[in-house]
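Here is how the chains run, residue by residue.
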Amino acid sequence: MPSTVTWVGGTSGDFNTAANWDTAAVPVAGDSIIFDRGTRNLDTNLDQSAVTFVNISFRKAYGGQAGNSVATPFKFGVSGKLLIEGGGSRLYLGGGTIVTTIMRGAGSDYGREVHLAGTLTTVTFQRGLLYLESGTTTTMVVDPLRDAENPGTGCVCYGITPTVTTLNQFGGNFILQSAGTITTLENAGGLTQIDTGTLTTCNLRSPASRVDWRSTTTLTTLLVYKGIFDASESAAARTITS
């Protein structure tokens, strides 16, 4: 019978220790996991990539770290939703297939680092500091929350080496670094900065849209309906096909 299991970190940081879970049983495929209390790090037996959970949620009251580093993250699959809405001193997540990811910031101030990798179907990034490390993302939406805690500016994503099919941006900042790839960018607000890596199709659609293009790769299609496309930060020769 599927269960919702909460991390309590009763005796250690070991995922496979039953006493570290409120049900006194280690989560199995089909369960949902919640991190919402305490400060115990999840740091041992992190590779759960052979297991697919329904949902995993990191909440504001959780003060620990999940995963040890980019090289040794907490790996898992999620058939439903990965929800990051506060909590965590730092989160290193990924390695499996995650259908839906909603990122609303980590830490009590929502400003702690979240490092995410894997095979991601949809990522909605609304607040905080996100490092999209590697793997494939079919659709990424950058759409900052605009409320009393976040006026729409506290939303920064660094793409390290991801492969993103479609990036839909409505605000905030997305900075592509290293050898990352974006096939299609639809910018309706905010800053997209292409330091290195590949952008194939770029569409700017709002007066609030800005793209800073510094990469030396070829941009196949550029359409500027409204907004600013700036290629002046690099003196290198570059090509825009159309």
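Described in the following lines is the structure provided in the data block. (Residues numbered from 1 in each chain as written. Predicted model: local features only at pLDDT ≥ 70, side-chain atom pairs only at ≥ 80, totals over all residues. Heavy atoms only, no water.)

## Concerning the overall build of the protein chain
Condition: Secondary structure elements follow DSSP: runs of H or I of four or more residues count as helices, runs of E of two or more count as strands, with numbering from the N terminus. Here the radius of gyration uses the C-alpha set of atoms, whereas the globule reference equals 2.2 Å times the residue count to the power 0.38. Burial here depends on accessible area, computed with a 1.4 Å probe over protein chains only, as a share of the maximum for the residue type. Under 20% is buried, over 50% is exposed, and the range in between is partly exposed. The contact rule is simple, with two residues in contact once any of their heavy atoms fall within 4.5 Å. Method for areas: the Shrake-Rupley scheme with a 1.4 Å probe, in which residue coverage is limited to the protein chains shown.
The number of helices and strands found in the protein chain is zero helices and 15 strands. Radius of gyration (C-alpha) of the protein chain: 19 Å, near the 18 Å computed for a compact globule of 242 residues. Counting across all 242 residues of the protein chain, residues that qualify as buried make up 48%. Sequence-distant contacts in the protein chain: of pairs separated by 6 or more residues, those separated by 24 or more amount to 35%. Counting only carbon and sulfur atoms, one obtains 51% of the accessible surface of the protein chain, whose full area is about 9,700 Å².

## Section: the pairing of strand β12 (residues 181-187)
Successive side chains on a regular strand alternate, one facing one side of the sheet and the next facing the other. Operational definition: Pairing between two strands requires that DSSP report at least two bridges joining them.
Bridging between strand β10 (residues 163-169) and β12 involves six bridges; their strand directions are parallel. By the bridge assignment, N168 is partnered in β12 with E186. Judged from the six bridges that link them, β12 and strand β14 (residues 198-213) form a sheet pairing that is parallel. Residue pairing across strands places L185 opposite C202, the latter belonging to β14.

## Details of the packing of aromatic side chains
Applied cut-off: Two aromatic rings, drawn from Phe, Tyr or Trp (for Trp, its six-membered ring), form a pair once their centres lie within 6.5 Å of each other, and the interplanar angle then sorts them: stacked below 30 degrees, edge-to-face above 60, tilted otherwise. For a lysine, the NZ atom is tested; for an arginine, the CZ atom; a charge sits over a ring if that atom is within 6 Å of the ring centre and within 35 degrees of the ring normal.
Here the structure, examined in full by the defined rule, presents 13 aromatic pairs. Summarising the aromatic geometry, the rings of W7 and W21 are spaced 5.0 Å apart at their centres and angled 75° between planes, so their arrangement reads as edge-to-face. Taken as a pair, W7 in the loop between β1 (4-6) and β2 (32-35) and W21 in the loop between β1 and β2 lie far apart in primary sequence, 14 residues in all. Take W7 and W21: they sit in the same class, and that class is buried. Between F35 and Y62 the ring centres are 5.4 Å apart and the planes differ by 55°, which places this aromatic pair in the tilted class. On the criterion of sequence distance, the pair formed by F35 in strand β2 and Y62 in the loop between β3 (47-59) and β4 (65-66) is long-range, its members being 27 residues apart. Chaining the aromatic ring pairs together yields one cluster made of W7, F15, W21, F35, F53, F58, Y62, F74 and F76. If you follow R127 out to its NZ or CZ, it ends over the ring of Y110, 3.7 Å from the centre. The residue whose ring lies beneath R238 is W213, and the NZ or CZ to ring-centre distance is 5.1 Å.

## Quick word on the side chain of Q126
As a reminder of what qualifies: Residues adjacent in sequence count toward polar contacts only when both atoms are side-chain atoms; beyond that, a polar contact is any pair of N or O atoms within 3.5 Å, and within protein one must be able to donate a hydrogen and the other to accept it.
Among the secondary structure elements, Q126 is positioned in the loop between β7 (113-125) and β8 (128-142). Only 2.7 Å separates the side chain of Q126 from the side chain of R104, close enough to count as a polar contact.

## Things to note about unusual backbone geometry
Non-glycine residue N45 carries a positive phi angle of around 55°. Along the polypeptide, N45 turns up in the loop between β2 and β3. Phi at S178 is positive, roughly 55°, even though this residue is not glycine. Here S178 is to be found in the loop between β11 (173-176) and β12. For S178, a relative accessible area of 39% gives the class partly exposed.

## Description of the environment of S79
If you trace the backbone, S79 turns up in strand β5 (residues 75-85). Counting along the chain gives 18 residues from S79 to T97, while the straight-line C-alpha distance between them is 7.7 Å.

## Details of the nonpolar core
Which entries qualify depends on this criterion: Buried Ala, Val, Leu, Ile, Met, Phe, Trp, Tyr and Cys residues that are joined via side-chain atoms within 4.5 Å together make up what is termed a nonpolar core.
Residues F35, I56, F58, F74, L93 and M140 are the most contacted members of the largest nonpolar core, which totals 49 residues. In this view, F35 contacts W7, W21, L42, I56, S57, F58, R59, Y62 and F74; residues no more than four positions away in its chain are not counted.

## Side note on the pattern of salt bridges
Selection rule: Note on definitions: salt bridges are taken to be side-chain nitrogens of Lys or Arg within 4 Å of carboxyl oxygens of Asp or Glu.
All told, the structure shown has eight salt bridges when counted by the stated rule. Here D195 ties to R214 by a salt bridge, and the two come within 3.8 Å at their closest N and O atoms. A residue pair is termed long-range when its members are at least 10 positions apart, and D195 in the loop between β13 (190-194) and β14 and R214 in the loop between β14 and β15 (221-230) qualify at 19 residues. Judged by relative accessible area, R214 falls into the partly exposed class, the value being 27%. The partner of D212 in a salt bridge is R210, and the shortest N-O contact between them spans 2.9 Å. By sharing partners, the salt bridges in this structure join D195, R210, D212, R214 and D230 into a single network.

## Brief notes about the pairing of β13
The element β13 is extensively covered by neighbouring structure, given that five of its five residues are classed as buried. On β13, burial covers both faces: G190, T192 and I194 on one face and L191 and Q193 on the other are all buried. Note that β11 and β13 share four bridges and pair parallel. Bridge pairing in β13 places L176 opposite I194. Sheet topology note: the β13/β14 ladder contains five bridges and is parallel. Bridging across to β14, T192 finds its partner in V211.

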